[in-house]
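Notes for the structure review
The chain contents come next:
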Amino acid sequence: MSELVFKTGAYEGPLELLLALISKNKMNIFDIRISVIFDQYMAYVEEMRRMDMEVAGEFITMAAELMLIKSKMLLPKTEEDPREELVRKLMEYKLAKAAAELLAEREKAFGGRFEKETDEIKPDKNAVLNLDASLLTNALSKLLFKMAEKEKEEENAPIELINPLIKKKIVSIPGRIVNVLRKMVKRRAVYFDEFFEDVTSRSALVATFYAILELLKAGRISLEREYSADGGENILLTLNRTHGLRQKESEAISNV
């Protein structure tokens, strides 16, 4: 085996040193040869002491943990692998380090940019709608609950969740209004949930919901509560063709 060359002080902690040793020895992180890693780890610690460097307590603690694992490996095998906890720590550290490097790159690329503050949208006190607010509130709550359940299912791959936070897709409210009207013109009456079937993000959900509110406020559409045979509640949106929506305008929306 070739002699290991250490760059003293290059490692931020014992886990980073262990990952470097595993990589250099071309080991599988799930099948670490503890005896080899322990000897090389202790050689690094001794090198730090020889150079009169202060050895951090966490390096000493890890040395003791490696020694305990090494001693357990000499005992008769049991169902529980003594390396399991160490592997879990290494995987978590590796994942966190990869995320930190990605965020550092993004900070370098976008750190000097400034974002315009969101304009305050003042409520229109002159608008009077004869709507049951609880009907829409309950419908939105159900949609948000479904979105939360979907996000919870994706928690097993946390590193993939970073990209959507960085690469946000801007969802246009005017664009959503056009989409809602296009579907309404074709079918005249559409169930509320159908407008959210293609929604994959909270921003798209909010933009679609806001678009429906704007159309209700303008009188372009109306809603009513319906009950299914099993007692379930549905919201039916109906296009109001008597509110100045001319046939020519309907055809223009259909061709968008």
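See the structure shown above.
Residues numbered from 1 in each chain as written. Predicted model: local features only at pLDDT ≥ 70, side-chain atom pairs only at ≥ 80, totals over all residues. Heavy atoms only, no water.

1. What about unusual backbone geometry?
Selection criterion: By definition, any uninterrupted DSSP run of H or I lasting at least four residues is a helix, any uninterrupted run of E lasting at least two residues is a strand, and each is numbered from the N terminus.
Positive phi is not limited to glycine here, since Lys26 has a value of about 55 degrees. Considering the arrangement of structural elements, one finds Lys26 in the loop between α1 (14–24) and α2 (34–50). For Arg188, which is not glycine, the phi torsion reads 70 degrees and is therefore positive. Locating Arg188 in the fold gives a position in the loop between α7 (173–187) and β1 (189–191).

2. Describing the packing of α1 against helix α4 (residues 84–110)
Where we set the bar: Angles run from 0 to 180 degrees between N-to-C directions of axes, and those axes are lines fitted to C-alpha atoms, restricted for helices to the stretch in contact. With respect to orientation, any angle under 35 degrees is reported as roughly parallel, any angle over 145 as roughly antiparallel, any angle of 65 to 115 as roughly perpendicular, and every other angle as oblique. Contacts are assigned to residue pairs that have any heavy atoms within 4.5 Å of one another.
Contact pair α1 / α4: the axes reach a minimum separation of 10 Å and the direction vectors enclose 95 degrees. Accordingly, the angle class assigned to the pair α1 and α4 is roughly perpendicular. Here α1 contributes Leu15, Glu16, Leu18, Leu19 and Ile22 to the contact with α4, which in turn contributes Leu86, Lys89, Leu90, Tyr93, Lys94 and Lys97.

3. Concerning the sheet that holds strand β2 (residues 221–227)
Where we set the bar: When DSSP finds at least two bridges between two strands, those strands are taken to pair.
Pairing is antiparallel across the open sheet formed by 3 strands, whose spatial order is β1-β3-β2. Of all strands in the sheet, those bounded by a partner on one side alone are β1 and β2. The mean inter-strand angle of the sheet, taken between neighbouring strand axes irrespective of direction, is 30 degrees. Here 3 bridges tie β1 to strand β3 (residues 233–239), and the two strands are oriented antiparallel to one another. Residue pairing in the sheet places Tyr191 in a bridge with Leu236 of β3. The strands touched by α7 are β1, β2 and β3; relative to β3, the strand with the most contacts, the crossing angle is about 85 degrees. Contacts between helix α8 (residues 202–218) and the sheet are confined to β2 and β3, with β2 contributing the most and set at about 110 degrees to the helix.

4. Some words on the pattern of salt bridges
To keep it simple, the criterion reads: The term salt bridge refers to a side-chain nitrogen of Lys or Arg lying within 4 Å of a carboxyl oxygen of Asp or Glu. Burial classes: relative accessible area under 20% of the type maximum marks a residue as buried, over 50% as exposed, and values in between as partly exposed (1.4 Å probe, protein chains only).
One pass over the structure, following the stated rule, counts 9 salt bridges. Salt-bridge contacts for Glu16 lead to Lys97; the nearest nitrogen and oxygen are separated by 3.6 Å. Here Glu16 is found in helix α1, whereas its partner Lys97 is found in helix α4, with 81 residues between them in sequence. What makes Lys97 partly exposed here is its relative accessible area of 28%. The salt bridge partner of Arg176 is Asp198, with a shortest N-O separation of 4.0 Å. Taken together, the positions of Arg176 in helix α7 and Asp198 in the loop between β1 and α8 put the pair 22 residues apart, joining distant regions of the chain. Judged by its relative accessible area of 14%, Arg176 falls in the buried class. Here Asp198 falls in the exposed class, since its relative accessible area comes to 52%.

Geometric values such as these leave the question of function open.
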